[in-house]
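Topology and contacts: notes
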Amino acid sequence: MKIRWLVPEYERCDVLVLFAFEGEKDRLYENRWFQKHCLWLTESYAWDYFKGKNKQVFHAFAPRDAFVEKCVLAGLGKREVFSMDRWYEVVAEVVQRVTQLEGKSLAIPFPVLSIIKESAHDILREFLYAVFSLSYKFNRYKTAEEPAGEISEQIVLLEEEPGGALLDVLAYMDTIMGPVKRARDLITAPSNEITPERFALEAVSVAEAHGLKSIVISQKEAEEKGMGAFVAVARGSQKEGKIVILEYCPRGCENEKPIAFVGKGITFDTGGISIKPAQNMELMKHDMAGAAAVLGTMEAVGILKPPRRVVGIMPLAENMPDGRAYRPGDVLKTYSGKTVEVISTDAEGRLILCDALAYAVKTYSPAFIADIATLTGACIIALGDRVAGIMGNRQDVVERVRQLGEKVGEKFWPLPLWDFYGEDIKSDIADMKNVGNRKAGTIIGAVFLKQFIPDEIPWVHIDIAGPAWAEKPWFHMPKGATGFGIRTFMEIVKAWD
Ligand code: BES
Ligand code: ZN
Ligand code: ZN
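Notes on the structure in this doc start here. Treat the numbers as computed from the prediction; the structure is a model and nothing was measured. (Residues numbered from 1 in each chain as written. Chains lettered and ligands numbered in written order. Predicted model: local features only at pLDDT ≥ 70, side-chain atom pairs only at ≥ 80, totals over all residues. Heavy atoms only, no water.)

Here's the deal with the coordination of the zinc ion (ligand 3)
- Around the zinc ion (ligand 3), the protein supplies K264 (NZ), D269 (OD), D287 (OD) and E348 (OE) as donor atoms, at distances of 2.0 to 2.4 Å.
- Given six donor atoms and angles of 78 to 171° at the metal, the environment of the zinc ion (ligand 3) is assigned as octahedral.
- In this model, the zinc ion (ligand 3) sits 3.2 Å from the zinc ion (ligand 2), the two metals being bridged by D269. Placement of K264 in the loop between β9 (259-263) and β10 (265-269) and of D287 in the loop between β10 and α11 (289-304) is noted, with a sequence separation of 23 residues between them.
- Owing to a relative accessible area of 2%, K264 belongs among the buried residues under this scheme. (Donors = N, O, S within 2.8 Å, 3.2 Å for Na, K, Ca; no water. Tetrahedral: all angles 85-135°; square planar, octahedral: opposite > 155°, others 65-115°. Helix = DSSP H or I, 4+ residues; strand = E, 2+ residues; numbered from the N terminus. Buried < 20%, exposed > 50% of the residue type's maximum accessible area, 1.4 Å probe, protein only.)

Rendered as structure tokens:
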């Protein structure tokens, strides 16, 4: 997706997009930019019948001498109940109509957005992101020709050359689009293609492209280092497990404590010996969405080059049943030295994460750790599939991450981590069990991980079992992989001090 700006006099555009609140068509009509460029629209029936009702979408064809060919008019509903979520939904309707009209490029007049909000930079940013997001396609395995009609370009129409805040919006889009697309491609691609090794190769190529340091720990090295939990999970697969570490370190920050992002990278989760039911098991190819979000974040960090040190850790393995696979009842010695009794081999995410977290702590002594994982189906039951569960060892940090996410359209909701939950993972023979008794499944996942984080280090655990994958399109997400987490992680990197 290409995004650029344009002063209309210079060039003809394909599809122009305009908006109005219900009962506020006058505001659009009186807008200076509209008066200058769009009066022809008021001659059409589309204009007459358009009321601005929520998600009402009309289109009109322009006269041949206008600077656009087509115009899409979209209703925002009542101003009082407008929200970003509504904005995403309206933009989704617009994208659908533009596609029907075979629009290849879509033009949005920034001066008209002021009728939505005086300072409309966030409105514009989310519009551009939503159109990009909704236009995402994964055609790698389609051998027959795809029907045409994809939007490949967005043009921000301006009265004059853009200034600081607008340039920031355009620069933001340049930073974020590639990494989100990469994450979605990795998540969508099947597990026979995206093995731990392939993922690791891609991560290393991202590092090389942006001057990040990269380390790949092989399964054998992990074993030698004593990462018994990670290796136990990886062992059941013919595909070798890998742990990839990418580091961004600006000059002069070598001694700074980094922010560390740790993402679950199970390239396929069969459940192992505690095997999952067959129904929907194909979806478990997306069990590496946490690692993909971390890779996307590291790529975006490599592009943005912020003035702080950031580390991304991606433990990658396939969870398979096999003669060599780990079993329920096994006791594992983790990298931290603590022992874990395996009750379910399907609670594998926390096992690869606990070693990755302990490695982050030991190697980098981070200023802050966020882990992100498709960890528990229980999180979808608790919060639905558009919302990530968030837990941590400091309530103010949890709240801060929640707010940063809200700013960029990613929803996080806190769950408690009271000490008493720890009783549920007490083991008779080891330091802890890897699961509880089905109660509070999402919280228990976090309680387990908390055992590997020293109290001094601020930490959050993010469960994206819901929002990593959209079963049907929601808000500005297409069906399938969403790339959830990257945008919030970028906000954390920018805001952290
Ligand atoms: N990868 C799954 C969790 C999951 C389920 C992610 C649905 C996305 C959609 C995870 O490894 C798992 O199997 N968790 C178990 C935990 C249980 C054994 C404590 C679960 O959710 O049932
Ligand atoms: Zn599992
Ligand atoms: Zn899993």
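Moving on, there is more to tell.
A closer look at the coordination of the zinc ion (ligand 2)
- At this site the zinc ion (ligand 2) is bound by D269 (OD), D346 (O), D346 (OD) and E348 (OE), with donor distances of 2.0 to 2.2 Å.
- Here the zinc ion (ligand 2) is ringed by six donor atoms whose angles at the metal span 70 to 167°, and the overall shape comes out irregular.
- When the donors of the zinc ion (ligand 2) are listed by position in the chain, the intervening gaps give D-x76-D-x1-E.
- For D346, a relative accessible area of 23% gives the class partly exposed.

Side note on the pairing of strand β14 (residues 368-373)
- Of all six residues that make up β14, six are buried, and the element is covered over most of its length.
- Side chains F368, A370 and I372 of β14 all project onto a buried face; the interleaved residues I369, D371 and A373 project onto the opposite face, where all are buried too.
- With five bridges connecting them, β9 and β14 associate as parallel partners. Bridge pairing in β14 places F261 opposite A370. (Pairing = 2+ DSSP bridges.)

Focus on the sheet that holds strand β3 (residues 57-61)
- Spatial ordering of the open sheet is given by β1-β6-β5-β2-β4-β3, a layout of six strands whose pairing is mixed. This sheet does not close on itself; its edge strands, each paired only once, are β1 (2-6) and β3. The sheet shows a mean angle of 25° between the axes of neighbouring strands, taken without regard to direction.
- In terms of strand pairing, strand β5 (residues 105-109) meets strand β6 (residues 153-157) through five bridges, oriented parallel. Paired with I108 across the bridge in β6 is V156.
- Packed onto the sheet, helix α4 (residues 84-100) meets β2 (13-20), β3, β4 (68-75) and β5 and runs at close to 145° relative to β4. (Axes fitted to C-alpha atoms, helices over the stretch in contact; angles between N-to-C directions. Contact = heavy atoms within 4.5 Å.)

Here's the deal with the side chain of T374
- If you trace the backbone, T374 turns up in the loop between β14 and α13 (377-383).
- Among the polar contacts made by the side chain of T374, one reaches the side chain of D287 at a distance of 2.4 Å.
- With near-sequence residues (within four places) excluded, T374 lies in contact with K264, H286, D287, A289, D463, I464, A465 and A468. (Polar contact = N/O pair within 3.5 Å; in protein donor to acceptor, adjacent residues only side chain to side chain.)

Looking at the environment of A222
- Relative to the helices and strands, A222 is located in helix α9 (residues 219-225).
- Using a relative accessible area of 0% as the deciding quantity, one classes A222 as buried.
- In this structure the C-alpha to C-alpha distance between A222 and K242, which are 20 residues apart in sequence, comes to 8.2 Å.
- With near-sequence residues (within four places) excluded, A222 lies in contact with I217, M227, F230 and V231.

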